[in-house]
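Here is how the chains run, residue by residue.
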Number of protein chains: 2
Amino acid sequence: MIERFCVIGVGLIGGSIARSVRRQRLCRVIVGVDTDHANLRKALDLGVIDVGCADAGVGAAGADWVVLATPVGTFGPVLSALRPVWSERAIYTDVGSTKQSVVEAVRAVFGSIPPNFVPGHPIAGAEQSGVEAATDDLYQGKRVILTPLPTTSPDAVRQVEAVWEAIGAHVSRMDPSHHDEVLAATSHLPHVLAYALVHMLGEKDEQQEIFQYAAAGFRDFTRIASSDPKMWLDICLANREQIAPLIAQLCGELGRVSKMLDQGAAVDLFEFFASARNARQRFLDQVER
Amino acid sequence: MIERFCVIGVGLIGGSIARSVRRQRLCRVIVGVDTDHANLRKALDLGVIDVGCADAGVGAAGADWVVLATPVGTFGPVLSALRPVWSERAIYTDVGSTKQSVVEAVRAVFGSIPPNFVPGHPIAGAEQSGVEAATDDLYQGKRVILTPLPTTSPDAVRQVEAVWEAIGAHVSRMDPSHHDEVLAATSHLPHVLAYALVHMLGEKDEQQEIFQYAAAGFRDFTRIASSDPKMWLDICLANREQIAPLIAQLCGELGRVSKMLDQGAAVDLFEFFASARNARQRFLDQVER
């Protein structure tokens with residue numbers, strides 16, 4: 001049993017971790033840290049956390065477990081606040097969507113990566129944000145990637161793994177930079193695309209009419225454009241070295257489509273669409289397996 | 001009561017029209033035309049149609065109502081088959097996703113647009129295809145755009161409108177080229193994007209791993225890449241003059257994102273993402289109104 005479980009950033013992700021560990025009775029007291037006073041108030045009112053405060057150092061002092069669940073852009077100040085109260089006996093982990101940048105932020109504050117800090121990333125979320133969207137089963141059946149370094153304590157990794165598994169997640173391990181490469185393709189690039197498409201249409205004079213005749217396909221396709229822009233700003237800046245080449249590659253693919261359209265290259269274009277459909281089928285088969 | 005209702009192309013769209021008019025008891029006999037023998041067999045077995053044949057001319061002869069529901073690329077031969085049995089007393093309409101190309105196909109076969117041909121397009125569908133996916137409520141609450149020409153009979157337009165409304169759809173009227181412009185933005189461009197993204201990822205060596213860590217956002221975002229490639233080939237070729245400039249525009253937007261990433265222009269990038277999120281909220285507000 002964890003005595004004091006501290007969640008820094010009680011939004012959708014952090015709040016859902018709190019609700020999930022509570023449901024599984026993994027800890028006695030949950031401390032929530034949030035600089036958004038209204039959100040912290042709600043987290044207390046909803047019983048997601050037992051104790052709340054605005055300062056990461058105050059909240060994490062004396063905790064056995066600390067989860068960083070704020071946007072990755074805030075990790076510098078949050079880690080600086082944690083440093084004076086850092087305990088060698090506690091476990092520290094995070095849920096940041098980019099891992100290379102988190103490792104760098106930790107190194108910048110601590111000089112090296114403390115062995116009891118285990119970088120992690122649950123592949124889960126929704127376009128909603130805030131503690132009100134948090135649930136106690138968000139991680140059920142979801143994947144979590146841990147990116148321990150050679151200096152990370154194997155015991156700390158096992159403990160973090162055990163908590164994720166206890167709340168229903170499947171845990172894999174990966175190199176931080178490889179994580180960033182994979183996630184740039186499956187998550188960061190699609191978000192950029194959805195934002196870019198909706199931004200473009202939203203600036204057109206006839207946007208009202210355009211949206212009026214948009215169907216379910218458009219709704220699904222653009223769902224991720226409703227994601228929190230601050231969170232995605234941080235992710236995109238933190239992982240820009242992986243994302244930028246993919247944007248260029250995608251424009252290359254789109255250029256190929258334009259050329260095929262221009263030349264009326266029906267056979268090639270059919271082949272292009274059909275191979276995309278097949279690739280998505282491979283994705284679905286893999287997910288359902 | 002329509003005596004003989006003929007659906008040419010008994011797939012998801014045509015089959016759902018047949019099921020819907022049957023449910024509303026709008027007609028006595030439904031004739032289905034399909035060159036895919038297995039699909040036609042299924043349509044008969046499922047009771048979606050009463051009579052089936054492979055030839056559009058044979059099927060449409062003597063019908064009071066004829067709906068063309070084959071991919072728009074087939075309209076030339078289908079209309080040629082209809083010409084010898086064309087009746088001035090019957091109503092003809094279509095469900096093609098591009099309207100300018102349909103009008104041109106009709107003009108190419110008939111020399112002018114017969115007054116009893118009403119071009120139309122239901123904004124409904126799914127990534128599934130074939131008669132087995134057809135339902136009797138697909139058009140419930142959906143939008144249908146009719147694009148009559150100045151020479152189209154107002155009475156024919158009213159009759160087509162009445163059938164769509166009877167099966168639950170909301171009907172609007174629009175100029176064919178304006179229809180194509182609006183749909184290029186909300187439907188054709190997103191399909192091209194989804195195909196291009198999945199095609200690109202599906203060609204990567206690490207595709208299996210990439211797909212393994214893709215989440216619900218990716219699944220939704222790429223859903224339309226599972227659409228029928230033949231249908232989308234036809235649509236994209238038919239409407240390439242509207243689609244190509246939008247592809248170029250979107251690459252321009254993506255180029256702006258790349259530049260902001262490169263320059264670390266946090267304020268501008270946040271503004272970009274936030275205005276996209278706001279635009280999508282306007283879309284949702286409009287849909288729910």
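Please read all numbers here as calculations on a predicted model, not as lab measurements. (Residues numbered from 1 in each chain as written. Chains lettered and ligands numbered in written order. Predicted model: local features only at pLDDT ≥ 70, side-chain atom pairs only at ≥ 80, totals over all residues.)

## Digging into the relation of the copies chain B and chain A
For the pair chain B and chain A, the relating rotation is 180°, the translation along its axis is 0.0 Å, and the fit reaches an RMSD of 0.0 Å. What we have between these two chains is a two-fold relation. Distance from the rotation axis, computed per C-alpha, reaches its smallest value in chain B at Phe 221 of chain B: 2.1 Å. Of all interface residues in chain B, 100% are interface residues in chain A too; the two copies therefore contact each other through one and the same surface. (Least-squares fit on C-alpha atoms with pLDDT ≥ 70 in both. Contact = placed C-beta atoms within 7 Å.)

## Focus: the sheet that holds strand S6 (residues 117–118) of chain B
Residues and elements named next belong to chain B. The six strands are arranged S3-S2-S1-S4-S5-S6 in an open sheet whose pairing can be described as parallel. Strands at the two margins of the open sheet, each flanked by one partner only, are strand S3 (51–53) and S6. Across the sheet, helix H6 (residues 154–166) touches strand S5 (91–94) and S6, and the angle it forms with S5 is around 60°. (Pairing = 2+ DSSP bridges. Helix = DSSP H or I, 4+ residues; strand = E, 2+ residues; numbered from the N terminus. Axes fitted to C-alpha atoms, helices over the stretch in contact; angles between N-to-C directions.)

## Side note on the pairing of strand S8 (residues 143–146) of chain B
Residue and element names in this part refer to chain B. Strand direction decides the pairing type here: strand S7 (residues 120–123) and S8, joined by four bridges, are antiparallel. In the sheet register, Gly 120 faces S8, and the bridge partner there is Leu 146. Both S8 and strand S9 (residues 170–173) contribute to a ladder of four bridges, which runs parallel. Paired with Ile 145 across the strands is Ser 172, a residue of S9.

## Looking at the domain arrangement of chain A
Residue and element names in this part refer to chain A. Its domain assignment divides chain A into domain 1 (2–174) and domain 2 (178–288). With centres defined by C-alpha atoms, the gap from domain 1 to domain 2 works out at 30 Å. In this complex, domain 1 contributes 14 residues to the contact, which on the side of domain 2 involves 15 residues. For the side of domain 1 that touches domain 2, the residue count by class is four nonpolar, eight polar and two charged. (Domains from an automatic or database assignment. Nonpolar A, V, L, I, M, F, W, Y, C, P; charged D, E, K, R; others polar.)

## Some remarks on the packing of helix H4 (residues 75–82) of chain A against helix H5 (residues 100–110) of chain A
All names here are of chain A. Across the interface, H4 lies against H5 with an axial gap of 9 Å and an inter-helix angle of 45°. What the angle tells us is that H4 and H5 run oblique. Of the two elements, H4 crosses H5, and the hand of that crossing is right-handed. On H5, the residues that touch Phe 75, Gly 76, Leu 79 and Ser 80 of H4 are Val 102, Ala 105, Val 106, Ala 108 and Val 109. For the contact of H4 with H5, the per-class residue count stands at seven nonpolar, two polar and no charged. (Parallel < 35°, antiparallel > 145°, perpendicular 65-115°, else oblique. Left-handed = near helix turned anticlockwise from the far one by under 90°.)

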